[in-house]
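# Report on the structure
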Amino acid sequence: DNHSSESHTDVLIIGAGPSGLMAAYWMARCGVRARIIDKNSTKVFTGQADGLRIRTLEIFDSIGFQHRVQHEGHVAVEANFWVPSPDGKLFRQGPFCSSKVNESPFHNMLLSQGRIERFLIDSIKEHSDLEVERGVIAETFEYDETLNDDPIAYPITVKLRTLGENEVNSPGGSGGESPQSVPSGLDRSNILPDDWDDLIQKSRSQQTKTETVKTKYLIGCDGAHSWTRKQVGIPLEGSSTDHIWGVIDVIPVTDFPDIRRLGTVTNAAGTILVIPRERQLVRLYVPVQVVDAASNANIRFNRSSITPEMIKERVQAILKPYTFDYKICDWWTAYQIGQRIAPTFTKDDRVFLAGDAVHTHSPKVGLGMNMSMQDGFNIGWKVALVVAGVANPAILSTYNTERQILAEMLLDFDRHWSGLFTENRPPEGGPGKTESMVKVVESFEDFADGLKAFYGASPLVCKLDNDQDPILGYGLVPGERFPPVKLRKQADGNTQWTTRTFESDGRFRLVILAGDVRDATQKQRVETLSQFLSGQLKEKVSPLNRYAAIPGRFKSLIEVVTIHSAPWNETEFFDFPEILRKLDPTMGWDYGKIWCDDACIWDRDCNGKGYEKWGVDRTRGGVLIIRPDQYIGWVGEFEYIDEMTQYLDGVLIRAVCGQ
Ligand code: FAD
């Protein structure tokens, strides 16, 4: 019995891995009509990606679930490199620690992809009734290019099929390949309680059902073998090597002293990467190809012939003279390294590709899930705001220009880093190897941790002519993330990181660095800007009324946040003009809108040095516009209101009834 139907949606997301869920988050948050499908019957539970970089954690904070990662995950900041000593044993070099540990409230962490999917799914649920439709596969694609310029048209048609019980796959069991309803090796003992419901496959219709969905936008987040990418004829360029790797998550039984510390171990048998994880688990990345001594060539063998036993034996050989074994294996797999990238991440800014669909590389750089989620994060809000009718479709082209170049950098990093693991020659005298590893990590650190994004000039990024001569401060660069600091709330003295204050709720933020408001001249400048914002400046329309807002969400797409630099106890909440503390006249004041960059006696992270970090004059301050994803869009002086309006006019849609 074959049921078929036709329907419309504004955004269809194919694939509910980390990138698809991140894109879906924005649809949920902005109240957009969207669907998200995945051909697998369940989310991931064990294995796959585990590394979480600083910027990703900041994003989680802006969404609101960073504390869950903090509770469950494992922090890994210092790395040790073990190399052979002249007496044939191993010795430790390190610990090496990034000099950037104070650039963010967060530090690199390890936690399984399955938990991150859990948190994203929960966040989506918190804001909407959008749910992942599982066991649903996209099968045919049509795209009518002639409708491309029509904002209300549905140029894309996708046929979806609900898979029957016998066709559907679960992800991530050991080896991950066999079709079964519950991933192998999983039961309630190694799954956290909030995942139990997902583990038990939801009862589904056993009949195949087809549905024709017409959509305005399509986001392909369907992984390395992306179906969506193939439909739009975008290739993946690059190559794969014949290096085969094993990866294994175990609770180890060993006398190796650093098994709970991040690092590498190198000897003549190869290099392994040791990654301590949550729940006593340790992940080991292990080269499993064997070099033929006579020809010095890799002996070819089939990836599917690899077993956990083989991986264990390789670990034992490399860790010698230390011992290694395990009783519990949570997950393992074998993979072949390939570095591939798509030349473009979009078709006509109607179909977008994110995550593994457009870049694949070895997992050892710990960036796959991070880059994928950051792709989804980047495209999600842009599509959501355009579909909601509040942002100019011109911003959509910035997805490709902002993300593709970063994927190129990712592959470059991977080439350097993985190369150090796979070189066949025996390790040079220990320090040489360690030096090269430290050098690669240091040279890619800003990029890898997401501290720099390198987003270029666009309608969304008003670049200065010369980054060397910043208008406000060297720390506030358009196209980079807003450098987080911890601030005190003027009204109650409580402290909070800006990563949380600038919540990912779809709004742009007009941030007024009000400077020292004890100074009469400065107070007047704040007053004049406030008159502009409250619509009292002659012939100037306030940006708070000028643009369309998403009905039922916020009254304005722009939130005003004030951060002053005067001492906390010499300033009052009521010292600031009404418009800066307004919530809704009928609902009282918004005590969360005025912040103070002053030290806090009971919270050492709040040190009152924000202005210094940003390089901003503590008396004069300045103004900036932060995009919904916390990247800086525009910076200026208090008086640059025309320039600010020009920036916003390029991004947002004028309100119909705006003056
Ligand atoms: P994915 O997580 O691959 O999600 C894609 C989703 O799309 C899947 O759920 C899939 O079912 C769905 N899909 C595909 N085609 C269709 C279709 N036609 N219709 C409907 N749904 C579809 N990264 C690391 O950093 N470290 C690791 O150790 C590591 N190990 C990995 C091991 C395995 C077996 C795999 C598969 C990946 C591993 N990764 C690892 C990579 C990491 O998981 C990815 O970088 C990350 O998951 C990418 O996220 P994504 O959302 O782009 O793609």
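Residues numbered from 1 in each chain as written. Predicted model: local features only at pLDDT ≥ 70, side-chain atom pairs only at ≥ 80, totals over all residues. Heavy atoms only, no water.

### What about the domain arrangement of the chain?
Domain boundaries in the chain define domain 1 (3–74 + 107–237 + 340–392) and domain 2 (486–651). Facing the 23 residues of domain 1 at the interface are 20 residues of domain 2. Here domain 1 and domain 2 share an interface that buries about 1800 Å² over both sides, 53% of which is from carbon and sulfur atoms. Counting every contact that joins domain 1 to domain 2 gives 16 residue pairs in polar contact (both at pLDDT 80 or more). Residue assignment for the side of domain 1 that touches domain 2 shows that the elements contributing at least two residues are α1 (18–30), α2 (54–63) and α8 (368–387). The residue inventory of the side of domain 1 that touches domain 2, partitioned by class, reads 11 nonpolar, seven polar and five charged. (Domains from an automatic or database assignment. Contact = heavy atoms within 4.5 Å. Buried area = accessible area lost by both parts, 1.4 Å probe. Polar contact = N/O pair within 3.5 Å; in protein donor to acceptor, adjacent residues only side chain to side chain. Helix = DSSP H or I, 4+ residues; strand = E, 2+ residues; numbered from the N terminus. Nonpolar A, V, L, I, M, F, W, Y, C, P; charged D, E, K, R; others polar.)

### Re the site of the ligand
With respect to spatial proximity, 29 residues lie near the ligand, and among them S19, D38, Q113, R283 and Y285 are the closest. For the ligand, whose unbound accessible area comes to 980 Å², protein coverage reaches 82%. (Near = heavy atom within 4 Å. Areas by Shrake-Rupley, 256 points an atom, 1.4 Å probe, with all protein chains shown as cover.)

### Let's talk about the packing of α1 against helix α4 (residues 113–127)
Remark: α1 packs on α4, axes separated minimally by 8 Å, with the N-to-C direction vectors making an angle of 15°. When the axis of α1 is compared with that of α4, the two are roughly parallel. Here α1 runs over α4; the crossing is left-handed. The segment α1 lies against α4, with P18, L21, M22, A24, Y25, A28 and R29 engaging Q113, E117, L120, I121, S123, I124 and H127. Of the residues in the contact of α1 with α4, the class split is nine nonpolar, three polar and two charged. (Axes fitted to C-alpha atoms, helices over the stretch in contact; angles between N-to-C directions. Parallel < 35°, antiparallel > 145°, perpendicular 65-115°, else oblique. Left-handed = near helix turned anticlockwise from the far one by under 90°.)

### A few points about the environment of T645
Of note, T645 is situated in helix α16 (residues 641–651). Expressed as a C-alpha distance, the spacing of T645 and E570, which sit 75 residues apart in the sequence, is 33 Å. If near-sequence neighbours (up to four positions away) are discounted, T645 is found in contact with F532, R546 and Y547. A polar contact of 2.8 Å, which involves the side chain of T645, links it to the backbone oxygen of I641.

### What about the pattern of salt bridges?
Applying the stated rule across the entire model yields 55 salt bridges. Close ionic contact of D449 with R53 constitutes a salt bridge, the shortest N to O distance being 2.9 Å. Residue D449 is found in the loop between α10 (430–448) and β22 (486–489), and its partner R53 is found in the loop between β3 (51–52) and α2; the two are separated by 396 residues along the sequence. Across the pair, exposure class does not vary: D449 and R53 are buried alike. Within this structure, K43, R68, E72, R115, R118, D122, D194, D195 and D198 form a network of salt bridges that share partners. (Salt bridge = Lys/Arg side-chain N within 4 Å of Asp/Glu carboxyl O. Buried < 20%, exposed > 50% of the residue type's maximum accessible area, 1.4 Å probe, protein only.)

### Comments concerning the sheet that holds strand β25 (residues 558–564)
One open sheet accounts for seven strands, arranged β23-β22-β28-β25-β24-β31-β32; its pairing is mixed. Single-partner strands in this sheet number two, and they are β23 (495–497) and β32 (632–636). Going from strand to strand, the sheet's axes swing by 30° on average, the running direction of each strand aside. In the sheet, strand β24 (residues 508–515) pairs with strand β31 (residues 622–626) via five bridges, with the strands oriented antiparallel. When the bridges of β31 are listed, L513 appears paired with G622. (Pairing = 2+ DSSP bridges.)

### A closer look at the packing of α1 against α8
The contact between α1 and α8 brings their axes to 7 Å, and the two run at 30°. With respect to each other, α1 and α8 are oriented roughly parallel. As α1 runs across α8, the sense of the crossing is right-handed. Between α1 and α8, the contacting residues are P18, S19, M22, A23, W26, M27 and C30 on the first element and M369, S372, M373, G376, F377, G380, W381, V383, A384 and L385 on the second. In terms of residue class, the contact of α1 with α8 is built from 13 nonpolar, four polar and no charged.

### Quick word on the packing of aromatic side chains
According to the stated counting rule, one finds 21 aromatic pairs in the structure shown. With centroids separated by 5.7 Å and ring planes inclined at 50°, the aromatic side chains of Y611 and W614 adopt a geometry described as tilted. In this pair, Y611 and W614 both sit in helix α15 (residues 610–614), three residues apart, roughly one turn of the helix. Residue Y611 is classed as buried on the basis of its relative accessible area of 0%. (Phe/Tyr/Trp six-rings, centres within 6.5 Å; stacked < 30°, edge-to-face > 60°.)

### Quick word on the side chain of K312
Structurally, the position occupied by K312 is in helix α7 (residues 308–319). Leaving out residues up to four positions away in the same chain, K312 has contacts with F324, D325 and Y326.

### Notes on unusual backbone geometry
A cis geometry characterises the amide bond from G94 onward to P95, with omega recorded as 5°. Looking at the element boundaries, P95 is found in strand β6 (residues 90–97). A cis geometry characterises the amide bond from K320 onward to P321, with omega recorded as 10°. Tracing the chain through its elements places P321 in the loop between α7 and β18 (324–341). Phi at Q280 takes a positive value of approximately 70°, unusual for a residue other than glycine. Relative to the elements of secondary structure, Q280 occurs in the loop between β14 (270–276) and β15 (282–287). For Q630, which is not glycine, the phi torsion reads 70° and is therefore positive.

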